[in-house]
Amino acid sequence: MRYMVGVSGTKIFSRPDPNSALLGVLDPGSTIDSPDGTVERWINIATGGHVARRNLRQAEARFSDPPLDSVMAVNDAILTATRQWDGIQYGMGCKAWIKGDDGLSFTRNRSCNGDQVDCSGWVAAIMTLAGRRFSVAQANTTFRILETHSDGQIVNVGRHTGIIVSGTDIDRVGRRAGMIFGIDTGQRRHDTPDRLLGIDHIVAGFHAADGTYMISQSSGGKGVNALSWTKWRAQFDTAFRENRVHCADLMSAQAGAGLAPGDGGWSLDGGAGLSHPDPVFDKEPVRALAG
């Protein structure tokens, strides 16, 4: 696979360890070839050495085009859910799960009052609702890859479809409903070592009734809300330029391993390396992973 360097001062180490010998420094925009797949913590350079994956962009990454009626169904699900639960408060580690009537319930414990949800909990719930438009049982199973923190959501989908688009490359993507965007907003107390890309916030894209591309999110201070892509993109312009924003497409059928619904519903056939493969979303999530 070919990668492009997205961050100035990207270092090449002799081993996948920042404490190993420094072999060199790569210039932004330079390319490297690697036998490694879409997302590993360290990328093994074909010419020798290792580079941190979060500093790279996947060269010539392209999402495939799912059927229009599938995109419209997913869009309607996200739009409807965002309207219905607009104003639900933000709560770190608070999750949502889906009842039999497609209503949502929210975590209730000492830190979550049953009326709160964090960013990854919100994205997991609305995308599972979208998948249930095609097959409830299969969506419950397939979208378990989203029952993790925000970084794990991008990583899981990217590993499965083979595609992650990063940084300003996202500006050249034809945005549609179902795409998820993860951002590294800086050092946070919940930034655990298992976050390969450093992502600590995540949103989902959809189109409003007037055609405006929007993001649906649960954010601190606002809870569940919708914001135009234009405003959101401007808000995080520095992060885009510093390669700290990453996009994965739940509906991409790239390399024959996509999550787009076919005749048999949603499928994970051929999927790889999932962080948390056990829970499903017709019951309360068992892991309260912050962010």
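Definitions and cut-offs
Residues numbered from 1 in each chain as written. Predicted model: local features only at pLDDT ≥ 70, side-chain atom pairs only at ≥ 80, totals over all residues. Heavy atoms only, no water. Helix = DSSP H or I, 4+ residues; strand = E, 2+ residues; numbered from the N terminus. Buried < 20%, exposed > 50% of the residue type's maximum accessible area, 1.4 Å probe, protein only. Contact = heavy atoms within 4.5 Å. Areas by Shrake-Rupley, 256 points an atom, 1.4 Å probe, with all protein chains shown as cover. Expected span 1.5 Å × (residues − 1). Disulfide = S-S within 2.5 Å. Pairing = 2+ DSSP bridges. Phe/Tyr/Trp six-rings, centres within 6.5 Å; stacked < 30°, edge-to-face > 60°. Lys NZ or Arg CZ within 6 Å of the ring centre and 35° of its normal. Axes fitted to C-alpha atoms, helices over the stretch in contact; angles between N-to-C directions. Parallel < 35°, antiparallel > 145°, perpendicular 65-115°, else oblique. Left-handed = near helix turned anticlockwise from the far one by under 90°. Polar contact = N/O pair within 3.5 Å; in protein donor to acceptor, adjacent residues only side chain to side chain. 1 Å grid on protein atoms, 1.4 Å probe; cavity = no way out; pocket = protein on both sides within 12 Å on 5 of 7 lines; lining within 4 Å. Points joined across faces, edges and corners; volume = space filled by probe spheres on them. Nonpolar A, V, L, I, M, F, W, Y, C, P; charged D, E, K, R; others polar.

Participant: Please provide a residue-by-residue account of the overall build of the protein chain, values included.
Facilitator: Along its length, the protein chain carries 6 helices and 15 strands. In the protein chain, buried positions account for 56% of the 291 residues. A separation of at least 24 residues holds for 68% of the contacts in the protein chain among residues at least 6 apart in sequence. Carbon and sulfur atoms make up 47% of the accessible area of the protein chain, which totals about 12200 Å².

Participant: Let's hear about helix α1 (residues 68-84): which residues, and what values?
Facilitator: The end-to-end C-alpha separation of α1 is 24 Å, in line with the 24 Å expected for 17 residues at 1.5 Å each. Residues of α1 that are buried include every one of Ser70, Val71, Ala73, Val74, Asn75, Ala77, Ile78, Leu79, Ala81 and Thr82, and no others. Looking at the buried side of α1, the elements it contacts are α2 (119-131), β12 (201-207), β13 (213-219) and β14 (223-228).

Participant: Run through the state of the cysteines, naming residues and quoting values.
Facilitator: Disulfide: a covalent bond connecting the sulfur atoms of a pair of cysteines. Inspection of every chain in the model, using the stated rule, returns 1 disulfide. Shown here is the disulfide that connects Cys94 with Cys112, its sulfur atoms set 2.1 Å apart. Because the torsion about its S-S bond is -95 degrees, the bridge between Cys94 and Cys112 counts as left-handed. Of this pair, Cys94 sits in the loop between α1 and β8 (96-98) while Cys112 sits in the loop between β9 (104-106) and α2, and the two are 18 residues apart along the sequence.

Participant: With reference to specific residues and values, describe helix α4 (residues 150-161).
Facilitator: An α-helical turn contains 3.6 residues, so a residue and the one three or four places further along point in the same direction. End to end, α4 covers 17 Å across 12 residues, agreeing with the expected 16 Å (1.5 Å per residue, within 8%). Counting buried positions along α4 gives 11 out of 12 residues, so the element sits mostly inside the fold. The set of residues buried in α4 consists of Ser150, Asp151, Gly152, Gln153, Ile154, Val155, Asn156, Val157, Gly158, His160 and Thr161. Phi turns positive one or two residues past the end of α4, at Gly162, with a value near 85 degrees.

Participant: Quick one: what's the story with the pairing of strand β1 (residues 2-5), residue by residue and with numbers?
Facilitator: Along β1, the buried face is formed by Tyr3 and Val5; none of Arg2 and Met4, which line the opposite face, is buried. Across 3 bridges, β1 lies against strand β7 (residues 56-58) in antiparallel orientation. Bridged to Val5 within β7 is Leu56.

Participant: Quick rundown of the packing of aromatic side chains? Include the residues and the values.
Facilitator: Counting across every chain of the model gives 8 aromatic pairs. Both rings, one in Phe13 and one in Trp42, keep their centres 5.8 Å apart while their planes meet at 85 degrees; by these two values the pair is edge-to-face. With a gap of 29 residues between them, Phe13 in strand β2 (residues 10-13) and Trp42 in strand β5 (residues 42-44) connect regions that are remote in the sequence. The class of Phe13 is buried, set by a relative accessible area of 11%. With centroids separated by 4.9 Å and ring planes inclined at 50 degrees, the aromatic side chains of Phe181 and Trp229 adopt a geometry described as tilted. Taken together, the residues Phe181 in strand β11 (residues 179-183) and Trp229 in helix α5 (residues 229-235) connect sequence positions 48 residues apart. Under the relative-accessibility criterion, Phe181 is labelled buried at 1%. Relative accessible area serves as the criterion here: at 5%, Trp229 is assigned to the buried category. An aromatic cluster is defined as three or more aromatic residues linked by ring pairs; in this entry it consists of Phe181, Tyr213, Trp229, Trp232, Phe236 and Phe240. Cation over ring: Arg233 sits above Phe240, and NZ or CZ is 4.0 Å from the ring centre.

Participant: Describe the environment of Gly49, and please don't skip the residues or the numbers.
Facilitator: Tracing the sequence through the fold places Gly49 in the loop between β5 and β6 (50-52). The exposure class assigned to Gly49 is buried, which follows from its relative accessible area of 9%. Linking Gly49 and Arg15, residues 34 residues apart in sequence, is a C-alpha distance of 6.3 Å. If sequence neighbours within four positions are ignored, Gly49 has contacts with Ile12, Phe13, Leu23, Ile43 and Asn44.

Participant: A description of the packing of α1 against α2 should follow, citing residues and the corresponding values.
Facilitator: The contact between α1 and α2 brings their axes to 8 Å, and the two run at 135 degrees. By the angle class used here, α1 and α2 are oblique. Classified by chirality, the crossing of α2 by α1 is right-handed. Side by side, α1 and α2 meet where Val74, Ala77, Ile78, Ala81 and Thr82 of the first sit next to Trp122, Ile126, Met127, Leu129 and Ala130 of the second.

Participant: Provide a residue-level description of the side chain of Gln116, including the pertinent values.
Facilitator: Mapped onto the elements, Gln116 comes out in the loop between β9 and α2. Its relative accessible area of 12% is what places Gln116 among the buried residues. A distance of 2.8 Å separates a polar atom in the side chain of Gln116 from the backbone nitrogen of Asn113. Once residues within four sequence positions are removed from consideration, Gln116 is found in contact with Ile88, Gln89, Tyr90, Gly91, Cys94, Lys95, Phe106 and Ser111.

Participant: Requested: an account of the layout of surface pockets, with residues and values cited.
Facilitator: Taken as a whole, the second largest pocket encloses approximately 240 Å³ of empty space. If you trace the second largest pocket, you find 15 residues lining it, with Ala61, Arg62, Asp169, Arg172 and Val173 closest to the centre. Tallied by class, the residues present in the lining of the second largest pocket amount to 7 nonpolar, 2 polar and 6 charged.

The analysis is restricted to geometry; functional conclusions fall outside its scope.
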